[in-house]
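Okay, here's what each chain looks like letter by letter:
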Amino acid sequence: EKGYKNGDYQAHLYEDAYQKLKLWYQNNIPIFVYSSGSVFAQKLFFSHSQYGNLINLFSDFFDTNIGNKKDGKSYQLIADKIGLPTSQILFLSDIQSEIDAAKSVNMQTIWIIRDKSLFEEKINLNLDYFIINNFSAIDQNELS
């Protein structure tokens, strides 16, 4: 906390992620964070990014106090808390087991794989996942 507040640390966000978050916010699409880091740590991170304080982009934050990120029940609890059916929620992660857990409760999912060789390997396997390597590849109109 002290390092962030003193400017010793700055949270890194990929440019494409920052641009997409801004676009979603501008289009009144609520954005939530579910992280293994505490809600306090999440807010600290997003309020000290290289793009400045981004905390206002987010509607709410969830951590593992709601449940394990590999357990579908956690995603159902989040949907219940934000008041949306799971089918109307898009969940993004770089962890396959988290994607599987979200899919188990009927969330729309996107698996983000930034590593080029791993991305190409997974794409070539024709798996039952929507896989991207960059947030700019997310087209809201393509999602059901």
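See the structure above.
Residues numbered from 1 in each chain as written. Predicted model: local features only at pLDDT ≥ 70, side-chain atom pairs only at ≥ 80, totals over all residues. Heavy atoms only, no water.

Caption draft 1: Main features of the environment of Ile31. Relative to the assigned elements, Ile31 resides in the loop between helix H2 (15–26) and strand E1 (32–34). Taking C-alpha positions, Ile31 is 21 Å from Tyr129, a pair spaced 98 residues apart along the chain. The contact partners of Ile31, leaving out residues within four places of it in the chain, are Leu21, Trp24, Tyr25, Leu57, Phe58, Ser59 and Asp60. (Helix = DSSP H or I, 4+ residues; strand = E, 2+ residues; numbered from the N terminus. Contact = heavy atoms within 4.5 Å.)

Caption draft 2: Representation of the pattern of salt bridges in the model. Per the counting criterion, the structure on display carries 4 salt bridges. Note that Glu1 is salt-bridged to Lys5, the shortest N-O span being 2.8 Å. Residue classification places Lys5 among the exposed residues on the basis of a relative accessible area of 55%. Two residues, Asp16 and Arg114, come together in a salt bridge whose shortest N-O distance is 2.8 Å. Remark: Arg114 occurs in the loop between strand E4 (108–112) and helix H6 (116–124) and Asp16 occurs in helix H2; sequence separation between them is 98 residues. The exposure class of Asp16 is buried, given its relative accessible area of 15%. (Salt bridge = Lys/Arg side-chain N within 4 Å of Asp/Glu carboxyl O. Buried < 20%, exposed > 50% of the residue type's maximum accessible area, 1.4 Å probe, protein only.)

Caption draft 3: Summary view of the side chain of Lys20. In this fold, Lys20 is placed in helix H2. Once you skip the residues sitting within four places of it in the chain, Lys20 turns out to touch Phe135, Ser136 and Ile138.

Caption draft 4: Representation of the nonpolar core. Counting 18 residues, the largest nonpolar core has Tyr34, Tyr75, Phe91, Met107, Trp111 and Ile131 as its most contacted members. Broken down by secondary-structure element, the contributors of at least two residues to this core are helix H4 (72–82) and helix H5 (96–103). Apart from the residues lying within four places of it in its own chain, the contact partners of Ile131 are Trp111, Ile113, Phe119, Lys122 and Ile123. Counting 17 residues, the second-largest nonpolar core is a separate cluster that includes Leu13, Leu21, Leu54 and Ile110. (Core = buried A, V, L, I, M, F, W, Y, C linked by side-chain atoms within 4.5 Å.)

Caption draft 5: Inspection of the packing of aromatic side chains at higher detail. One pass over the structure, following the stated rule, counts 10 aromatic pairs. For the ring pair Phe45 and Phe46, a centre distance of 5.1 Å and an interplane angle of 80° mean the geometry is edge-to-face. Judged by relative accessible area, Phe45 falls into the partly exposed class, the value being 26%. Looking at Phe46, the relative accessible area reads 12%, which means it is buried. Considering the side-chain rings of Tyr75 and Phe91, the 4.9 Å spacing of their centres and the 80° angle between planes classify their relative orientation as edge-to-face. Placement of Tyr75 in helix H4 and of Phe91 in strand E3 (residues 90–93) is noted, with a sequence separation of 16 residues between them. With relative accessibility at 1%, the residue Tyr75 sits in the buried group. Of the aromatic side chains, those joined through ring pairs into one cluster are Phe45, Phe46, Phe58 and Phe61. Directly above the aromatic system of Tyr34 lies the positively charged group of Lys69, at a separation of 5.4 Å from the ring centroid. (Phe/Tyr/Trp six-rings, centres within 6.5 Å; stacked < 30°, edge-to-face > 60°. Lys NZ or Arg CZ within 6 Å of the ring centre and 35° of its normal.)

Bear in mind that shape data such as this cannot, by itself, settle questions of function.
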